[in-house]
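Secondary and tertiary structure notes
Listed here are the chains, written in short residue letters.
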Amino acid sequence: MKKLFNDTGLRWLWLTLLCLIIDQVSKYWVASTFDYRETLSVLPFFNLTYVHNTGAAFSFLADQGGWQRWFFTGIAAIASIIFLVWMAKTPKQQRLLSISFALILSGAVGNLIDRVLFGYVIDFLDFHWSGYHFAAFNIADSAIFIGAALMIFESFTNKEEQKNKTNKIES
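Notes on the structure in this doc start here. Since the structure is predicted, the reported quantities are computational estimates derived from the model, not experimental observations. (Residues numbered from 1 in each chain as written. Predicted model: local features only at pLDDT ≥ 70, side-chain atom pairs only at ≥ 80, totals over all residues. Heavy atoms only, no water.)

Structural notes on the packing of aromatic side chains
- Scanning the model with the defined rule gives eleven aromatic pairs in all.
- Ring plane angle 25° and centroid distance 5.6 Å describe the contact between Phe-118 and Tyr-120, whose orientation is recorded as stacked.
- A relative accessible area of 40% places Phe-118 in the partly exposed class.
- By relative accessible area, Tyr-120 is classed as buried at 18%.
- Within the aromatic cluster, the residues linked to one another by ring pairs are Phe-45, Phe-46, Phe-127, Phe-134 and Phe-137. (Phe/Tyr/Trp six-rings, centres within 6.5 Å; stacked < 30°, edge-to-face > 60°. Buried < 20%, exposed > 50% of the residue type's maximum accessible area, 1.4 Å probe, protein only.)

Below, the structure is given as structure tokens:
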């Protein structure tokens, strides 16, 4: 078991737990400090605004009759298992890929916890400019976004590394 955690991407589970704790603590703080839809202006382009999202990204399907709660709960649970398995199968040398899996896993679990407990996801990070508001989001969403961006970046850099290794072998 120790070898599994030392020799695979599971060695980054601490990052998953750290981001999950930050996500859950921040959501708890917002929900216990703010009234629903209350806004605190922090910067000219950024507010803390306590909202509920019963849908997915950008409130997709939020206006449905409630079935989406269990649909998105199921998707998050399945995705969490898949990312955990991928972490276990990723060699420790693939650090960036393991980190991206850890971040995505933390975000999926963070929003999964909200859906199971409340039936919605707590969002509160509200960016705006010239009267236009981006959809409010949370730390879990940020972890998913950063993890996905790192995964895309890694896919390009990893191909270059593989290409260089192949060229060295052929020479």
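Looking at helix H2 (residues 13-33)
- Taking 1.5 Å of rise per residue, 21 residues should cover 30 Å, and H2 covers 30 Å from first to last C-alpha, within 8% of that figure.
- Three or more residues of H2 are buried, namely Leu-13, Leu-15, Thr-16, Cys-19, Leu-20, Asp-23, Ser-26, Lys-27 and Val-30. Down the axis, H2 shows its buried residues gathered within 160° of arc, on one side only. Exposed and facing more than 90 degrees away from the buried side of H2 are Leu-17, Ile-21, Val-25 and Tyr-28. (Helix = DSSP H or I, 4+ residues; strand = E, 2+ residues; numbered from the N terminus. Expected span 1.5 Å × (residues − 1). Arc of directions from axis to C-beta.)

Considering the side chain of Ser-80
- Among the secondary structure elements, Ser-80 is positioned in helix H3 (residues 67-89).
- On the basis of relative accessible area, Ser-80 is assigned to the buried category, the value being 8%.
- When near neighbours in sequence (up to four residues on either side) are disregarded, Ser-80 contacts Leu-105, Ala-108, Val-109 and Leu-112. (Contact = heavy atoms within 4.5 Å.)

Notes on unusual backbone geometry
- Not every positive phi belongs to a glycine, and Arg-37 is a case in point at roughly 70°.
- Within the secondary structure, Arg-37 is located in the loop between H2 and strand S1 (39-43).
- Phi at Ser-130 takes a positive value of approximately 50°, unusual for a residue other than glycine.
- Structurally, the position occupied by Ser-130 is in the loop between strand S3 (121-129) and strand S4 (132-133).

Points about the pattern of salt bridges
- Per the counting criterion, the structure on display carries two salt bridges.
- Asp-23 is the partner of Lys-27 in a salt bridge, and the nearest nitrogen-oxygen pair spans 3.0 Å. Placement of the pair is Lys-27 and Asp-23 together in helix H2, with a separation of four residues, close to one helical turn. Neither Lys-27 nor Asp-23 differs from the other in exposure class; each is buried.
- Across the salt bridge formed by Asp-114 and Lys-27, the nearest N and O atoms sit 2.9 Å from each other. One end of the pair, Asp-114, is in helix H4 (residues 95-118); the other, Lys-27, is in helix H2, with 87 residues separating them in the sequence.
- Asp-114 sits in the buried class, given a relative accessible area of 1%.
- A cluster of three or more residues bridged by salt bridges with shared partners is formed by Asp-23, Lys-27 and Asp-114. (Salt bridge = Lys/Arg side-chain N within 4 Å of Asp/Glu carboxyl O.)

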